[in-house]
Number of protein chains: 2
Amino acid sequence: MSEPRPILPEQLEAYLALKDVAALLEHAVEKQLRDDGGLTGPQFQILASLRDMPSGKLRMTDLADGLVYSRSGLTYQAAQLERAGLVTRAPAEDDERSTVVTLTQAGRDLLGVVMPGHIQVVQSLLLETLTDADITAIAGILGRVRDQMRAAPPRSATTRRSKRPA
Amino acid sequence: MSEPRPILPEQLEAYLALKDVAALLEHAVEKQLRDDGGLTGPQFQILASLRDMPSGKLRMTDLADGLVYSRSGLTYQAAQLERAGLVTRAPAEDDERSTVVTLTQAGRDLLGVVMPGHIQVVQSLLLETLTDADITAIAGILGRVRDQMRAAPPRSATTRRSKRPA
DNA sequence: TATTGTTATACTCTATAACTATA
DNA sequence: TATAGTTATAGAGTATAACAATA
């Protein structure tokens, strides 16, 4: 089979630049989170997700929706956070199957410690090098791309049981 | 200890969109590489880097320049690839300290097997959702950002703090 | 039976530091 | 001494599948 459509140089450049920028940025961010708060990227994302909720609580399933991890991976991370006293876990009142994860005050405090550095890294590495027009363009274009990717079927969170009869 | 500069909503959106798109794309790409060729992302990158050289060879140090890994990590990956028969390793002729990694025919063949699917994933998830103008914008803006990030002082720009158990 | 989450297991990856050898 | 690379080790992260409990 021939290759579907030869990728154009500018298309390749767009893809590679996106990939490289994201990788370099992620690397710097993870180092900052580790150095300033002993957190990994996934752990920080979980804490930040919880803080975005007025109640500071989310079910495991709701948390998983925003992340790219398997369920067991999320359980593992939640256990780490609980062990560090940054969240608590308890069965949901309305559905005993569900686990509600709640941000503790210590978790909130740690976010307060880590956020300034986090913002600083993102600003100095990414935002400060962009014009306002650049930022508008990136936010608009990639925002649309993200929405389309999320709407697409191949979601990784769908570790659902496949019903293919043998 | 106020946050240096409050991040604007559009700035945050640009950052988060970039992060999410890259993560979703990477996830899809890695799955394709694994399914079609039994390769991890880093391994594919090494093979692709070698194929981009007319000679099909690169020194370990040259390879490391394009990747974000530590030396030991690169050694590990190179060993995996060698074990799979996709590359060979030999000391450089002009400098006995250096190791030259060479793409084998099997490695080249595997790239041939994997590339069509790889391109297809990138096109369907990213490129096909973008206009030509979008692609030009992304390539230009992020290309510049990447160059600046690479030129920037490595990783010591971030603040240093004591570690916390997590 | 389906859903929610955990556990058990096995494996991959990554980093740090110590080490060898060449320059 | 500095550079190129490997090895030893150790820890963290992830996925899959089996499992338990609730709906």
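See the structure shown above.
Residues numbered from 1 in each chain as written. Chains lettered and ligands numbered in written order. Predicted model: local features only at pLDDT ≥ 70, side-chain atom pairs only at ≥ 80, totals over all residues. Heavy atoms only, no water.

**Re the sheet that holds strand β1 (residues 57–59) of chain B**
Residues and elements named next belong to chain B. Spatially, three strands are ordered β1-β3-β2 in an open sheet, and the strand pairing comes out antiparallel. The sheet is open, and its two borders are formed by β1 and β2 (87–91), each paired with just one other strand. Across this sheet, the average inter-strand angle for adjacent strands is 25 degrees, counted without regard to direction. Across three bridges, the pairing between β1 and strand β3 (residues 99–103) is antiparallel. Bridge pairing links Arg59 to Val100 in β3. Across the sheet, helix α2 (residues 41–51) lies against β1, β2 and β3, angled at about 85 degrees from β3, the strand it touches most. (Pairing = 2+ DSSP bridges. Helix = DSSP H or I, 4+ residues; strand = E, 2+ residues; numbered from the N terminus. Axes fitted to C-alpha atoms, helices over the stretch in contact; angles between N-to-C directions. Contact = heavy atoms within 4.5 Å.)

**What to know about the sheet that holds strand β1 (residues 57–59) of chain A**
Residues and elements named next belong to chain A. If you trace the three strands from one edge of the open sheet to the other, you get β1-β3-β2, paired in antiparallel fashion. The sheet is open, and its two edges are formed by β1 and β2 (87–91), each paired on a single side. Direction aside, neighbouring strands of the sheet carry axes that sit 25 degrees apart on average.

**Details of the relation of the copies chain B and chain A**
Of the transformation superimposing chain B on chain A, the axial component is 0.1 Å and the angular component is 180 degrees, with the fit at an RMSD of 0.1 Å. On this basis, the relationship between the two copies can be described by a two-fold rotation axis. Every residue of chain B has its C-alpha some distance from the rotation axis, and the shortest such distance is that of Ala22(B), at 3.1 Å. (Least-squares fit on C-alpha atoms with pLDDT ≥ 70 in both.)

**What about the interface of chain B and chain A?**
Chain B puts 59 residues into the contact, and the matching count from chain A is 65 residues. Here chain B and chain A share an interface that buries about 6,300 Å² over both sides, 68% of which is from carbon and sulfur atoms. Arg146(A) is the partner of Glu13(B) in a salt bridge, and the nearest nitrogen-oxygen pair spans 2.8 Å. Across the chain B-chain A interface, the total number found is six residue pairs in polar contact (both at pLDDT 80 or more). Within the residue set of the side of chain B that touches chain A, elements represented by two or more residues are α1 (9–37), α5 (105–125) and α6 (132–151) of chain B. It is α1(B) that provides the largest number of residues to the side of chain B that touches chain A, a total of 16 residues. Among the residues forming the side of chain B that touches chain A, the class breakdown is 30 nonpolar, 13 polar and 16 charged. (Buried area = accessible area lost by both parts, 1.4 Å probe. Salt bridge = Lys/Arg side-chain N within 4 Å of Asp/Glu carboxyl O. Polar contact = N/O pair within 3.5 Å; in protein donor to acceptor, adjacent residues only side chain to side chain. Nonpolar A, V, L, I, M, F, W, Y, C, P; charged D, E, K, R; others polar.)

**Details of the protein's contact with DNA strand C**
Neighbouring DNA strand C are 21 residues, the closest being Thr61(A), Thr75(A), Thr40(B), Tyr69(B) and Ser72(B). Between DNA strand C and Thr75(A), the relevant distance is 2.6 Å, taken from a phosphate oxygen to a side-chain nitrogen or oxygen of the residue. Note that a sugar or linking oxygen of DNA strand C is positioned 3.2 Å from one of the side-chain N or O atoms of Thr99(A). For the surface near DNA strand C, the residue count by class is three nonpolar, ten polar and eight charged. (Near = heavy atom within 4 Å.)

**Structural notes on the nonpolar core**
Core analysis: the largest hydrophobic core is formed by 87 residues, its most contacted members being Leu39(A), Leu126(A), Leu142(A), Leu39(B), Leu126(B) and Leu142(B). Per-element accounting of this core gives the leading share, ten residues, to helix α1 (residues 9–37) of chain A. Those residues in contact with Leu39(A), other than ones at most four positions away along the chain, are Glu30(A), Leu33(A), Arg34(A), Phe44(A), Leu47(A), Leu81(A), Leu86(A), Leu110(A) and Val114(A). (Core = buried A, V, L, I, M, F, W, Y, C linked by side-chain atoms within 4.5 Å. Buried < 20%, exposed > 50% of the residue type's maximum accessible area, 1.4 Å probe, protein only.)

These values are about where atoms sit, not about what they do.
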